[in-house]
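# A structural walkthrough
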Amino acid sequence: MLYRLLRPQKSSLSQCEAIIRTVHSSMSFSLPYKYITADELAKILKAKPASDVKDIAVVDVRDDDFAGGNIVSAVNVPSSTFHDSVGGLVKRLEKCPSVVFHCALSQQRGPKAARIYAETREASLSSPPTQQIYVLRDGFTGFQSKFRNDPELVEKFNKYYHD
């Protein structure tokens, strides 16, 4: 479509405007996820024992920095291999009502993984159950700064990675 706009031809202005409207209307500019704060996530995770939390999945996309501690029950899917793993992750979490993605600060890797996950989920599941996708605001760094001493929320914490 855009090629027709760029190649020399005698098109009317209204034809060009119609093509642009068609292209623009098919594009989505909204994020496929929302943000969740550390306090909101902690409240959800503490509502039930970790073994009973099935309503929310936490996906940690940190790479080597995962070794410094993690949110209890988080699944580590490193960003370096995320593209190769996302299809299996979509199937594994298909019926989970909420999924939270994060990295160290949730500025790049976490949001990117959430977007890729949402796009893969939409493309691969014919009629997916409703699922809310979140990104943890301020990432693990923000979460551990509040809850590092709470063993119900953070495990394997190593201060040498974070202080």
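Since we're looking at a predicted model, the values are computed, not measured.

## Considerations on the environment of Val 100
Position of Val 100 relative to the elements: it lies in strand S5 (residues 98-102). For the pair formed by Val 100 and Val 59, sequence separation is 41 residues and the distance between their alpha carbons is 6.0 Å. Apart from residues no more than four positions distant in its own chain, Val 100 is found in contact with Ile 36, Leu 41, Ile 56, Ala 57, Val 58, Val 59, Tyr 134 and Leu 136.

## Comments concerning the packing of aromatic side chains
For the coordinates displayed, the defined rule picks out four aromatic pairs. Pairing Phe 82 with Phe 101 gives two aromatic rings, centres 6.2 Å apart and planes at 80°, and the pair type is edge-to-face. Highlighted residues: Phe 82 in helix H4 (residues 82-92) and Phe 101 in strand S5, separated in sequence by 19 residues. Here the two residues Phe 82 and Phe 101 agree in accessibility, since each one is buried. Taking 5.0 Å as the distance between ring centres and 50° as the angle between the ring planes, the aromatic pair formed by Phe 143 and Phe 147 counts as tilted. Taken as a pair, Phe 143 and Phe 147 lie in helix H6 (residues 139-147) at a separation of four residues, close to a single helical turn. As far as the burial class goes, Phe 143 and Phe 147 line up, both buried.

## Points about the sheet that holds strand S6 (residues 132-136)
Here five strands make up an open sheet; going across it, the order is S1-S6-S5-S2-S4 and the pairing parallel. Bordering the open sheet on either side are strand S1 (34-36) and strand S4 (75-76), each of which pairs with just one other strand. In the sheet, strand S2 (residues 56-60) pairs with S4 via two bridges, with the strands oriented parallel. Among the inter-strand pairings, Asp 60 is bridged to a residue of S4, identified as Asn 76. Docked against the sheet, helix H3 (residues 38-46) engages S1, S2, S5 and S6, running at close to 70° with respect to S1.

Thresholds applied
- Residues numbered from 1 in each chain as written.
- Predicted model: local features only at pLDDT ≥ 70, side-chain atom pairs only at ≥ 80, totals over all residues.
- Heavy atoms only, no water.
- Helix = DSSP H or I, 4+ residues; strand = E, 2+ residues; numbered from the N terminus.
- Contact = heavy atoms within 4.5 Å.
- Phe/Tyr/Trp six-rings, centres within 6.5 Å; stacked < 30°, edge-to-face > 60°.
- Buried < 20%, exposed > 50% of the residue type's maximum accessible area, 1.4 Å probe, protein only.
- Pairing = 2+ DSSP bridges.
- Axes fitted to C-alpha atoms, helices over the stretch in contact; angles between N-to-C directions.

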